[in-house]
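# Notes for the structure review
Listed here are the chains, written in short residue letters.
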Amino acid sequence: MKKVVLCILEVTMILFLLSACGENAPQSGMESKKVATAAESPPVRATGMSKPSITEIEVPEDFVLIKGGTFNMGSPDSEAWRGDDETEHLVTVSDFYMSIYEVTQKEYQEVMGNNPSTLSGENLPVENITWFDAIAYCNARSEAEGGLTPVYTIDGQNVSWNRDANGYRLPTEAEWEYACRAGTTTPFNTETSISAEEANYYGHYPYEIENNYFSQANLETKPGRYRQTTIGVGSFQPNGWGLYDMHGNVREWCWDYYGAYNTESQTDPTGPTSGSLRVNRGGGWNDFAKHLRSAYRSSTPANNSSYNLGLRLVLGKTTAAGKVTDTAHAAKKESSGGKILIAYFSWSGNTRGIARKIQKTTGADIFEIELVTPYSSDYNTVLDQAQRDQHKQARPKLANHVKEMGQYDTIMLGYPNWWASIPMPVGSFLEEYDFVGKTILPFCSHGGGRFGQSLTAIAKLVPDATLGDGLSVHYSGGADLPDEISAWLHRNGIMKQ
Ligand SMILES: Cc1cc2nc3c(=O)[nH]c(=O)nc-3n(C[C@H](O)[C@H](O)[C@H](O)COP(=O)(O)O)c2cc1C
(Lines give C-alpha, C1' and ligand atoms only; values in the text may rest on other atoms or scores of the structure.)
Protein backbone atom coordinates (compact mmCIF):
# COMPACT_ATOMS: atom_id res chain seq x y z
CA MET A 1 0.00 0.00 0.00
CA LYS A 2 1.45 3.32 -1.04
CA LYS A 3 1.84 5.84 1.73
CA VAL A 4 2.07 9.55 1.95
CA VAL A 5 4.00 10.85 4.91
CA LEU A 6 2.55 14.03 6.19
CA CYS A 7 4.68 16.94 7.13
CA ILE A 8 5.91 17.40 10.63
CA LEU A 9 4.73 20.79 11.55
CA GLU A 10 5.86 23.00 14.34
CA VAL A 11 3.47 25.38 15.99
CA THR A 12 5.18 28.46 14.69
CA MET A 13 4.92 27.21 11.15
CA ILE A 14 1.27 26.29 11.63
CA LEU A 15 0.45 29.71 13.01
CA PHE A 16 2.23 31.33 10.11
CA LEU A 17 0.31 29.29 7.59
CA LEU A 18 -2.98 29.80 9.38
CA SER A 19 -2.52 33.54 9.27
CA ALA A 20 -1.55 33.26 5.62
CA CYS A 21 -4.81 31.41 4.93
CA GLY A 22 -6.69 34.25 6.55
CA GLU A 23 -10.44 34.53 6.21
CA ASN A 24 -10.47 32.55 3.00
CA ALA A 25 -9.56 29.33 4.74
CA PRO A 26 -12.34 26.82 4.11
CA GLN A 27 -14.59 26.12 7.09
CA SER A 28 -15.31 22.57 6.21
CA GLY A 29 -15.04 20.06 3.45
CA MET A 30 -12.65 17.70 1.81
CA GLU A 31 -9.18 18.55 0.60
CA SER A 32 -6.50 16.45 -1.00
CA LYS A 33 -4.21 14.94 1.60
CA LYS A 34 -1.21 15.50 -0.57
CA VAL A 35 -1.17 19.23 0.17
CA ALA A 36 0.19 19.23 3.68
CA THR A 37 -0.97 22.62 4.82
CA ALA A 38 -1.70 23.86 8.27
CA ALA A 39 -5.37 23.36 7.57
CA GLU A 40 -4.70 19.63 7.61
CA SER A 41 -3.43 19.65 11.17
CA PRO A 42 -5.67 19.63 14.20
CA PRO A 43 -6.45 23.13 15.40
CA VAL A 44 -3.67 24.59 17.48
CA ARG A 45 -4.25 26.90 20.41
CA ALA A 46 -2.46 30.17 19.71
CA THR A 47 -1.71 30.57 23.42
CA GLY A 48 0.20 27.30 23.59
CA MET A 49 3.74 28.13 24.71
CA SER A 50 5.12 24.66 25.24
CA LYS A 51 7.29 23.06 22.62
CA PRO A 52 5.01 21.01 20.39
CA SER A 53 5.44 17.29 20.22
CA ILE A 54 6.42 16.00 16.83
CA THR A 55 3.79 13.75 15.33
CA GLU A 56 4.08 11.77 12.18
CA ILE A 57 0.98 10.29 10.66
CA GLU A 58 1.06 8.02 7.67
CA VAL A 59 -2.05 8.34 5.61
CA PRO A 60 -2.86 5.75 2.97
CA GLU A 61 -3.58 7.11 -0.47
CA ASP A 62 -7.21 6.10 -0.39
CA PHE A 63 -8.00 8.34 2.57
CA VAL A 64 -9.12 11.95 2.29
CA LEU A 65 -8.98 14.74 4.77
CA ILE A 66 -12.41 15.70 6.00
CA LYS A 67 -12.00 19.21 7.25
CA GLY A 68 -13.89 19.86 10.44
CA GLY A 69 -16.91 22.10 10.61
CA THR A 70 -20.33 22.60 12.10
CA PHE A 71 -23.48 20.99 10.71
CA ASN A 72 -27.05 20.19 11.51
CA MET A 73 -27.08 16.53 12.54
CA GLY A 74 -30.40 14.73 12.15
CA SER A 75 -33.30 15.49 9.84
CA PRO A 76 -35.87 18.27 9.63
CA ASP A 77 -39.49 17.49 10.57
CA SER A 78 -40.40 17.87 6.91
CA GLU A 79 -38.22 14.95 5.77
CA ALA A 80 -40.30 11.98 4.61
CA TRP A 81 -39.84 8.73 6.57
CA ARG A 82 -37.66 10.36 9.20
CA GLY A 83 -37.50 8.70 12.61
CA ASP A 84 -38.24 10.31 15.98
CA ASP A 85 -34.63 9.60 16.91
CA GLU A 86 -33.28 12.04 14.31
CA THR A 87 -33.88 15.29 16.17
CA GLU A 88 -31.82 18.03 14.56
CA HIS A 89 -29.02 19.57 16.60
CA LEU A 90 -25.83 21.47 15.88
CA VAL A 91 -22.64 19.44 15.96
CA THR A 92 -19.05 20.51 15.38
CA VAL A 93 -16.53 17.91 14.33
CA SER A 94 -12.76 18.29 14.12
CA ASP A 95 -10.61 17.36 11.15
CA PHE A 96 -10.18 13.66 10.45
CA TYR A 97 -9.12 11.40 7.62
CA MET A 98 -11.62 8.94 6.23
CA SER A 99 -11.21 6.03 3.87
CA ILE A 100 -12.86 6.84 0.56
CA TYR A 101 -13.94 3.19 0.24
CA GLU A 102 -15.60 0.68 2.48
CA VAL A 103 -13.01 -1.84 3.75
CA THR A 104 -12.74 -4.62 1.17
CA GLN A 105 -12.54 -8.35 1.75
CA LYS A 106 -8.96 -8.32 0.45
CA GLU A 107 -7.96 -5.67 2.99
CA TYR A 108 -9.67 -7.54 5.80
CA GLN A 109 -8.17 -10.91 4.82
CA GLU A 110 -4.65 -9.45 4.60
CA VAL A 111 -4.76 -8.20 8.17
CA MET A 112 -7.00 -10.72 9.94
CA GLY A 113 -6.15 -13.88 8.00
CA ASN A 114 -9.80 -14.74 7.48
CA ASN A 115 -12.77 -13.52 5.50
CA PRO A 116 -16.14 -13.87 7.20
CA SER A 117 -18.15 -12.38 4.30
CA THR A 118 -21.20 -14.18 2.99
CA LEU A 119 -20.88 -12.70 -0.52
CA SER A 120 -17.44 -13.50 -1.79
CA GLY A 121 -15.14 -11.24 -3.83
CA GLU A 122 -11.82 -9.47 -3.15
CA ASN A 123 -13.04 -6.02 -4.06
CA LEU A 124 -16.44 -6.41 -2.41
CA PRO A 125 -16.85 -4.80 0.99
CA VAL A 126 -16.21 -7.10 3.91
CA GLU A 127 -19.47 -7.92 5.71
CA ASN A 128 -20.83 -10.32 8.27
CA ILE A 129 -18.55 -8.79 10.91
CA THR A 130 -19.58 -7.87 14.43
CA TRP A 131 -18.77 -4.50 15.95
CA PHE A 132 -16.05 -6.27 17.94
CA ASP A 133 -14.60 -7.68 14.72
CA ALA A 134 -14.58 -4.14 13.32
CA ILE A 135 -12.64 -2.64 16.22
CA ALA A 136 -10.28 -5.65 16.30
CA TYR A 137 -9.58 -4.99 12.63
CA CYS A 138 -8.83 -1.32 13.36
CA ASN A 139 -6.31 -2.27 16.05
CA ALA A 140 -4.75 -5.08 14.00
CA ARG A 141 -4.29 -2.83 11.00
CA SER A 142 -2.70 -0.13 13.14
CA GLU A 143 -0.23 -2.71 14.42
CA ALA A 144 0.37 -4.26 11.01
CA GLU A 145 1.29 -0.97 9.37
CA GLY A 146 3.68 0.25 12.04
CA GLY A 147 4.01 3.76 13.41
CA LEU A 148 0.41 3.78 14.52
CA THR A 149 -0.79 3.26 18.06
CA PRO A 150 -3.86 1.01 18.39
CA VAL A 151 -6.80 3.08 19.48
CA TYR A 152 -8.93 0.58 21.37
CA THR A 153 -8.43 -1.27 24.63
CA ILE A 154 -10.69 -4.30 24.67
CA ASP A 155 -11.70 -5.85 27.98
CA GLY A 156 -14.34 -8.46 27.22
CA GLN A 157 -17.49 -6.58 26.26
CA ASN A 158 -16.08 -3.23 27.41
CA VAL A 159 -14.00 -1.18 25.05
CA SER A 160 -12.31 2.12 25.63
CA TRP A 161 -11.10 4.46 22.95
CA ASN A 162 -7.85 6.23 23.63
CA ARG A 163 -8.30 9.53 21.86
CA ASP A 164 -4.60 10.31 22.14
CA ALA A 165 -3.74 7.30 19.97
CA ASN A 166 -3.24 7.85 16.28
CA GLY A 167 -4.28 4.48 14.84
CA TYR A 168 -7.19 3.39 12.69
CA ARG A 169 -10.61 3.67 14.22
CA LEU A 170 -14.31 3.70 13.44
CA PRO A 171 -15.96 7.04 12.76
CA THR A 172 -18.22 8.43 15.42
CA GLU A 173 -21.84 8.65 14.36
CA ALA A 174 -21.46 12.42 14.02
CA GLU A 175 -18.31 12.13 11.90
CA TRP A 176 -20.05 9.61 9.68
CA GLU A 177 -23.09 11.80 9.06
CA TYR A 178 -20.97 14.91 8.55
CA ALA A 179 -18.84 13.09 5.99
CA CYS A 180 -21.83 11.50 4.28
CA ARG A 181 -23.64 14.80 3.88
CA ALA A 182 -20.57 16.54 2.44
CA GLY A 183 -22.28 19.85 3.08
CA THR A 184 -25.74 18.78 1.86
CA THR A 185 -28.85 19.24 3.97
CA THR A 186 -31.11 17.06 1.80
CA PRO A 187 -32.21 13.48 2.65
CA PHE A 188 -29.32 12.05 0.58
CA ASN A 189 -26.00 13.50 -0.51
CA THR A 190 -27.42 13.09 -4.02
CA GLU A 191 -30.03 15.60 -2.84
CA THR A 192 -33.75 14.78 -2.69
CA SER A 193 -33.68 11.27 -4.10
CA ILE A 194 -31.27 8.48 -4.99
CA SER A 195 -31.35 6.03 -7.89
CA ALA A 196 -29.99 2.52 -8.36
CA GLU A 197 -27.42 4.06 -10.70
CA GLU A 198 -26.14 6.21 -7.85
CA ALA A 199 -26.04 3.60 -5.07
CA ASN A 200 -26.39 -0.13 -4.53
CA TYR A 201 -29.70 -0.69 -2.74
CA TYR A 202 -33.09 -2.34 -3.20
CA GLY A 203 -33.69 -0.23 -6.31
CA HIS A 204 -37.28 -1.40 -6.75
CA TYR A 205 -38.08 0.80 -3.75
CA PRO A 206 -36.78 4.35 -4.35
CA TYR A 207 -37.52 7.17 -1.94
CA GLU A 208 -41.23 7.73 -1.31
CA ILE A 209 -42.28 4.59 -3.24
CA GLU A 210 -44.40 3.53 -0.27
CA ASN A 211 -47.09 6.16 -0.75
CA ASN A 212 -46.71 6.18 -4.55
CA TYR A 213 -46.75 2.45 -5.13
CA PHE A 214 -49.86 2.33 -7.30
CA SER A 215 -49.35 5.57 -9.16
CA GLN A 216 -45.69 6.41 -9.69
CA ALA A 217 -46.07 9.58 -11.75
CA ASN A 218 -45.06 11.75 -8.79
CA LEU A 219 -41.93 9.82 -7.97
CA GLU A 220 -38.72 11.78 -8.50
CA THR A 221 -36.77 8.55 -8.96
CA LYS A 222 -38.54 5.62 -10.59
CA PRO A 223 -37.92 2.03 -9.48
CA GLY A 224 -34.57 0.70 -10.67
CA ARG A 225 -32.38 -2.34 -10.41
CA TYR A 226 -32.10 -4.56 -7.36
CA ARG A 227 -28.71 -6.30 -7.57
CA GLN A 228 -29.35 -8.58 -4.59
CA THR A 229 -25.68 -8.52 -3.59
CA THR A 230 -22.83 -6.23 -2.63
CA ILE A 231 -20.81 -4.83 -5.53
CA GLY A 232 -17.18 -3.70 -5.86
CA VAL A 233 -16.42 -0.67 -3.72
CA GLY A 234 -16.30 2.63 -5.60
CA SER A 235 -18.65 1.58 -8.40
CA PHE A 236 -20.63 4.84 -8.37
CA GLN A 237 -19.83 8.53 -8.30
CA PRO A 238 -18.38 9.67 -4.96
CA ASN A 239 -20.07 12.29 -2.82
CA GLY A 240 -18.93 15.91 -2.87
CA TRP A 241 -15.98 15.13 -0.60
CA GLY A 242 -14.71 12.14 -2.57
CA LEU A 243 -16.25 9.34 -0.48
CA TYR A 244 -17.77 6.35 -2.28
CA ASP A 245 -20.77 4.26 -1.21
CA MET A 246 -21.76 6.38 1.78
CA HIS A 247 -25.29 5.37 0.77
CA GLY A 248 -25.84 1.65 0.20
CA ASN A 249 -23.68 -1.41 -0.53
CA VAL A 250 -23.06 -2.19 3.16
CA ARG A 251 -24.12 -0.43 6.31
CA GLU A 252 -21.07 0.84 8.21
CA TRP A 253 -20.34 0.34 11.90
CA CYS A 254 -19.77 3.51 13.91
CA TRP A 255 -18.21 3.89 17.35
CA ASP A 256 -21.31 5.09 19.21
CA TYR A 257 -23.80 3.19 21.28
CA TYR A 258 -27.28 3.83 19.97
CA GLY A 259 -29.28 6.26 22.13
CA ALA A 260 -31.34 9.43 22.07
CA TYR A 261 -29.42 12.44 20.79
CA ASN A 262 -28.25 15.06 23.20
CA THR A 263 -29.92 17.97 21.43
CA GLU A 264 -27.64 20.68 22.84
CA SER A 265 -24.92 21.92 20.50
CA GLN A 266 -21.89 19.68 20.83
CA THR A 267 -18.31 19.29 19.70
CA ASP A 268 -16.95 15.87 18.73
CA PRO A 269 -19.74 13.88 20.45
CA THR A 270 -19.04 10.20 21.06
CA GLY A 271 -22.53 8.96 21.94
CA PRO A 272 -23.90 7.45 25.16
CA THR A 273 -21.39 5.93 27.59
CA SER A 274 -23.31 2.68 27.94
CA GLY A 275 -25.72 0.56 26.00
CA SER A 276 -26.17 -2.67 24.14
CA LEU A 277 -26.63 -1.55 20.53
CA ARG A 278 -24.05 0.06 18.29
CA VAL A 279 -24.98 2.42 15.52
CA ASN A 280 -24.39 1.65 11.89
CA ARG A 281 -25.14 3.97 9.01
CA GLY A 282 -25.77 4.36 5.31
CA GLY A 283 -27.98 1.37 4.49
CA GLY A 284 -27.01 -1.69 2.52
CA TRP A 285 -27.67 -3.53 -0.73
CA ASN A 286 -31.05 -4.88 0.41
CA ASP A 287 -32.32 -1.70 2.05
CA PHE A 288 -35.04 0.62 0.76
CA ALA A 289 -34.05 4.21 -0.11
CA LYS A 290 -35.71 5.55 3.04
CA HIS A 291 -33.12 3.58 5.04
CA LEU A 292 -30.21 5.03 3.08
CA ARG A 293 -30.99 8.59 4.19
CA SER A 294 -28.03 10.55 5.58
CA ALA A 295 -29.82 10.91 8.94
CA TYR A 296 -31.21 7.37 9.23
CA ARG A 297 -29.88 5.52 12.27
CA SER A 298 -29.57 1.77 12.22
CA SER A 299 -28.66 -0.04 15.44
CA THR A 300 -27.42 -3.57 15.96
CA PRO A 301 -26.19 -5.54 18.99
CA ALA A 302 -22.39 -5.32 19.01
CA ASN A 303 -22.08 -9.10 18.88
CA ASN A 304 -24.30 -9.57 15.87
CA SER A 305 -23.25 -9.60 12.25
CA SER A 306 -25.06 -9.40 8.96
CA TYR A 307 -24.55 -9.93 5.24
CA ASN A 308 -25.03 -6.20 4.72
CA LEU A 309 -22.95 -4.74 7.54
CA GLY A 310 -19.29 -3.77 7.14
CA LEU A 311 -17.04 -0.83 7.98
CA ARG A 312 -15.12 2.21 6.80
CA LEU A 313 -12.02 3.50 8.57
CA VAL A 314 -11.07 6.82 10.06
CA LEU A 315 -7.58 7.94 10.90
CA GLY A 316 -6.63 10.85 13.03
CA LYS A 317 -6.88 12.10 16.54
CA THR A 318 -9.78 14.24 17.54
CA THR A 319 -8.95 17.49 19.29
CA ALA A 320 -10.51 16.10 22.45
CA ALA A 321 -7.93 14.10 24.35
CA GLY A 322 -8.38 11.35 26.91
CA LYS A 323 -10.31 8.13 26.98
CA VAL A 324 -13.89 7.36 26.10
CA THR A 325 -14.80 4.45 28.30
CA ASP A 326 -18.10 2.72 27.99
CA THR A 327 -19.94 -0.21 29.46
CA ALA A 328 -21.87 -2.86 27.63
CA HIS A 329 -25.32 -3.57 29.07
CA ALA A 330 -26.08 -6.86 27.52
CA ALA A 331 -23.82 -9.44 26.04
CA LYS A 332 -25.11 -12.00 23.60
CA LYS A 333 -25.98 -15.11 25.53
CA GLU A 334 -27.20 -18.49 24.61
CA SER A 335 -30.62 -19.54 25.77
CA SER A 336 -30.35 -20.49 29.42
CA GLY A 337 -32.54 -23.50 28.87
CA GLY A 338 -35.67 -21.82 30.29
CA LYS A 339 -39.07 -21.84 28.66
CA ILE A 340 -39.49 -20.75 25.07
CA LEU A 341 -42.44 -19.01 23.48
CA ILE A 342 -42.96 -18.80 19.73
CA ALA A 343 -44.94 -15.60 19.10
CA TYR A 344 -45.76 -14.56 15.56
CA PHE A 345 -47.87 -12.30 13.39
CA SER A 346 -48.90 -13.52 9.95
CA TRP A 347 -51.12 -11.99 7.29
CA SER A 348 -51.20 -14.57 4.50
CA GLY A 349 -50.01 -17.64 6.41
CA ASN A 350 -46.32 -18.02 5.51
CA THR A 351 -45.01 -16.96 8.91
CA ARG A 352 -47.66 -19.15 10.54
CA GLY A 353 -46.37 -22.18 8.60
CA ILE A 354 -42.77 -21.46 9.62
CA ALA A 355 -43.81 -20.94 13.25
CA ARG A 356 -45.54 -24.33 13.28
CA LYS A 357 -42.44 -26.04 11.88
CA ILE A 358 -40.34 -24.41 14.62
CA GLN A 359 -42.91 -25.55 17.16
CA LYS A 360 -42.67 -29.10 15.87
CA THR A 361 -38.89 -29.06 16.29
CA THR A 362 -38.77 -27.36 19.68
CA GLY A 363 -42.03 -28.33 21.36
CA ALA A 364 -42.24 -24.72 22.58
CA ASP A 365 -45.49 -22.89 23.41
CA ILE A 366 -46.93 -20.99 20.46
CA PHE A 367 -48.91 -17.73 20.29
CA GLU A 368 -50.37 -15.91 17.28
CA ILE A 369 -50.52 -12.11 17.55
CA GLU A 370 -54.03 -11.10 16.46
CA LEU A 371 -55.69 -7.74 15.98
CA VAL A 372 -58.95 -6.33 17.28
CA THR A 373 -59.41 -4.86 13.80
CA PRO A 374 -57.60 -7.12 11.32
CA TYR A 375 -56.01 -5.72 8.18
CA SER A 376 -57.92 -6.09 4.92
CA SER A 377 -57.62 -9.46 3.22
CA ASP A 378 -57.15 -7.65 -0.10
CA TYR A 379 -53.45 -7.44 -1.05
CA ASN A 380 -53.48 -3.94 -2.53
CA THR A 381 -55.46 -2.61 0.41
CA VAL A 382 -53.18 -4.12 3.02
CA LEU A 383 -50.13 -2.72 1.21
CA ASP A 384 -51.59 0.73 1.64
CA GLN A 385 -52.79 0.18 5.21
CA ALA A 386 -49.40 -1.20 6.22
CA GLN A 387 -47.37 1.67 4.83
CA ARG A 388 -49.67 4.23 6.43
CA ASP A 389 -49.41 2.46 9.78
CA GLN A 390 -45.65 2.35 9.46
CA HIS A 391 -45.44 6.00 8.51
CA LYS A 392 -47.30 7.07 11.63
CA GLN A 393 -45.73 4.32 13.76
CA ALA A 394 -49.22 3.10 14.69
CA ARG A 395 -49.70 0.57 17.46
CA PRO A 396 -52.79 -1.44 16.41
CA LYS A 397 -54.78 -2.87 19.34
CA LEU A 398 -54.11 -6.53 19.98
CA ALA A 399 -56.98 -8.99 20.46
CA ASN A 400 -55.10 -11.55 22.55
CA HIS A 401 -52.41 -11.57 25.22
CA VAL A 402 -49.72 -13.94 26.45
CA LYS A 403 -50.56 -15.53 29.79
CA GLU A 404 -47.69 -15.15 32.24
CA MET A 405 -45.02 -13.80 29.93
CA GLY A 406 -42.69 -13.96 32.94
CA GLN A 407 -42.33 -17.74 32.59
CA TYR A 408 -40.52 -17.41 29.24
CA ASP A 409 -36.90 -16.43 28.89
CA THR A 410 -36.68 -16.85 25.12
CA ILE A 411 -39.19 -15.47 22.64
CA MET A 412 -38.97 -16.61 19.02
CA LEU A 413 -40.60 -13.70 17.27
CA GLY A 414 -42.00 -14.28 13.79
CA TYR A 415 -43.36 -11.76 11.32
CA PRO A 416 -43.51 -10.98 7.61
CA ASN A 417 -41.24 -8.25 6.27
CA TRP A 418 -43.60 -5.33 5.63
CA TRP A 419 -42.18 -2.34 3.81
CA ALA A 420 -38.68 -3.29 4.89
CA SER A 421 -39.51 -3.41 8.57
CA ILE A 422 -41.81 -5.04 11.13
CA PRO A 423 -45.60 -4.95 10.75
CA MET A 424 -46.87 -2.50 13.34
CA PRO A 425 -48.74 -5.18 15.35
CA VAL A 426 -45.29 -6.51 16.25
CA GLY A 427 -44.55 -3.04 17.66
CA SER A 428 -47.73 -3.31 19.78
CA PHE A 429 -46.62 -6.74 21.01
CA LEU A 430 -43.11 -5.62 21.92
CA GLU A 431 -44.41 -2.61 23.83
CA GLU A 432 -46.92 -4.65 25.82
CA TYR A 433 -44.47 -6.78 27.80
CA ASP A 434 -41.27 -6.41 29.75
CA PHE A 435 -38.46 -7.99 27.76
CA VAL A 436 -35.60 -7.05 30.10
CA GLY A 437 -33.31 -10.05 30.45
CA LYS A 438 -35.15 -12.05 27.79
CA THR A 439 -33.69 -13.30 24.54
CA ILE A 440 -35.51 -12.56 21.31
CA LEU A 441 -34.82 -14.78 18.31
CA PRO A 442 -36.41 -13.17 15.25
CA PHE A 443 -37.66 -15.12 12.26
CA CYS A 444 -38.91 -13.24 9.24
CA SER A 445 -40.76 -14.32 6.12
CA HIS A 446 -40.02 -12.06 3.16
CA GLY A 447 -40.46 -11.57 -0.56
CA GLY A 448 -36.82 -10.74 -1.37
CA GLY A 449 -35.79 -8.06 1.13
CA ARG A 450 -34.75 -10.52 3.86
CA PHE A 451 -34.93 -8.72 7.23
CA GLY A 452 -34.94 -5.21 5.74
CA GLN A 453 -34.50 -2.95 8.76
CA SER A 454 -36.79 -5.06 10.95
CA LEU A 455 -33.96 -6.08 13.29
CA THR A 456 -33.12 -2.44 13.94
CA ALA A 457 -36.81 -1.73 14.57
CA ILE A 458 -36.96 -4.55 17.15
CA ALA A 459 -33.68 -3.53 18.77
CA LYS A 460 -34.86 0.05 19.16
CA LEU A 461 -38.15 -1.07 20.76
CA VAL A 462 -36.59 -3.50 23.24
CA PRO A 463 -32.99 -2.37 23.74
CA ASP A 464 -32.69 -4.29 27.02
CA ALA A 465 -33.48 -7.66 25.49
CA THR A 466 -30.76 -9.81 23.97
CA LEU A 467 -31.30 -10.07 20.24
CA GLY A 468 -30.04 -13.42 18.99
CA ASP A 469 -29.27 -14.51 15.44
CA GLY A 470 -32.26 -14.24 13.15
CA LEU A 471 -33.70 -16.55 10.52
CA SER A 472 -35.02 -15.07 7.28
CA VAL A 473 -37.11 -17.26 5.01
CA HIS A 474 -38.14 -16.51 1.43
CA TYR A 475 -41.97 -16.65 1.56
CA SER A 476 -42.83 -20.04 3.09
CA GLY A 477 -39.35 -21.49 2.51
CA GLY A 478 -38.25 -24.41 0.37
CA ALA A 479 -37.43 -28.04 0.95
CA ASP A 480 -34.43 -27.01 3.06
CA LEU A 481 -36.52 -25.16 5.63
CA PRO A 482 -36.32 -27.87 8.34
CA ASP A 483 -32.51 -27.89 8.00
CA GLU A 484 -32.39 -24.09 8.07
CA ILE A 485 -34.52 -24.09 11.22
CA SER A 486 -32.27 -26.68 12.88
CA ALA A 487 -29.13 -24.72 11.99
CA TRP A 488 -30.71 -21.53 13.34
CA LEU A 489 -31.71 -23.24 16.60
CA HIS A 490 -28.20 -24.62 17.01
CA ARG A 491 -26.64 -21.22 16.32
CA ASN A 492 -28.71 -19.86 19.16
CA GLY A 493 -28.01 -22.75 21.51
CA ILE A 494 -31.58 -24.07 21.42
CA MET A 495 -31.97 -27.81 21.41
CA LYS A 496 -35.16 -29.83 21.14
CA GLN A 497 -37.02 -29.42 24.40
C1 LIG B 1 -48.07 -5.03 3.37
C2 LIG B 1 -46.98 -5.88 2.82
C3 LIG B 1 -45.71 -5.34 2.68
C4 LIG B 1 -44.65 -6.13 2.24
N5 LIG B 1 -43.42 -5.60 2.15
C6 LIG B 1 -42.36 -6.39 1.83
C7 LIG B 1 -41.04 -5.86 1.80
O8 LIG B 1 -40.80 -4.69 2.06
N9 LIG B 1 -40.02 -6.69 1.49
C10 LIG B 1 -40.24 -8.01 1.20
O11 LIG B 1 -39.28 -8.70 0.94
N12 LIG B 1 -41.48 -8.53 1.22
C13 LIG B 1 -42.55 -7.75 1.51
N14 LIG B 1 -43.81 -8.27 1.53
C15 LIG B 1 -43.99 -9.70 1.23
C16 LIG B 1 -44.13 -10.52 2.52
O17 LIG B 1 -43.07 -10.27 3.41
C18 LIG B 1 -44.15 -12.00 2.20
O19 LIG B 1 -45.17 -12.28 1.28
C20 LIG B 1 -44.33 -12.87 3.44
O21 LIG B 1 -44.07 -14.21 3.07
C22 LIG B 1 -45.72 -12.78 4.00
O23 LIG B 1 -45.81 -13.50 5.21
P24 LIG B 1 -47.22 -13.90 5.83
O25 LIG B 1 -47.84 -14.91 4.88
O26 LIG B 1 -46.88 -14.56 7.14
O27 LIG B 1 -48.04 -12.71 5.98
C28 LIG B 1 -44.89 -7.49 1.92
C29 LIG B 1 -46.19 -8.01 2.01
C30 LIG B 1 -47.21 -7.21 2.46
C31 LIG B 1 -48.59 -7.78 2.57
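Our structure is the block above this text.
Let me sum up the structure you'll find in this document.

Conventions we followed
Residues numbered from 1 in each chain as written. Predicted model: local features only at pLDDT ≥ 70, side-chain atom pairs only at ≥ 80, totals over all residues. Helix = DSSP H or I, 4+ residues; strand = E, 2+ residues; numbered from the N terminus. Expected span 1.5 Å × (residues − 1). Buried ≥ 20, exposed ≤ 12 C-beta atoms within 10 Å, placed from the backbone. Arc of directions from axis to C-beta. Near = placed C-beta within 6 Å. Nonpolar A, V, L, I, M, F, W, Y, C, P; charged D, E, K, R; others polar. Pairing = 2+ DSSP bridges.

Moving on: helix α5 (residues 350–362). Because the α-helix completes a turn every 3.6 residues, residues three or four places apart line up on one side. Taking 1.5 Å of rise per residue, 13 residues should cover 18 Å, and α5 covers 19 Å from first to last C-alpha, within 8% of that figure. Along α5, the residues classified as buried are Thr351, Ile354, Ala355 and Ile358. Mapping the buried residues of α5 onto a view down its axis gives an arc of 100 degrees, with all of them on the same face. Of the residues trailing α5, Gly363 is marked for its positive phi of about 75 degrees.

Turning next to the site of the ligand. In the vicinity of the ligand there are 21 residues, among which Asn350, Thr351, Pro416, Gly447 and Gly449 approach most closely. Mapped onto the shell around the ligand, the elements with two or more residues apiece are α5, α6 (379–391) and β23 (439–446). Per-element accounting of the shell around the ligand gives the leading share, 3 residues, to α6. Looking at side-chain class alone, the shell around the ligand contains 9 nonpolar, 12 polar and no charged residues.

The 4 strands are arranged β15-β14-β11-β16 in an open sheet whose pairing can be described as mixed. Two strands lie at the open edges of the sheet, namely β15 (298–301) and β16 (309–310), each paired on one side alone. By the bridge criterion, 3 bridges tie strand β11 (residues 251–257) to strand β14 (residues 277–281) in an arrangement that is antiparallel. Looking at β14, one finds that Glu252 is bridged to Arg281.

To continue, consider the pairing of strand β6 (residues 89–93). The pairing of strand β5 (residues 69–73) with β6 spans 5 bridges and is antiparallel. Bridge assignment links Met73 to a residue of β6, and that residue is His89. As paired elements, β6 and strand β12 (residues 266–267) share 2 bridges and run parallel to each other. Each residue of the ladder has a partner; that of Val91, found in β12, is Gln266.

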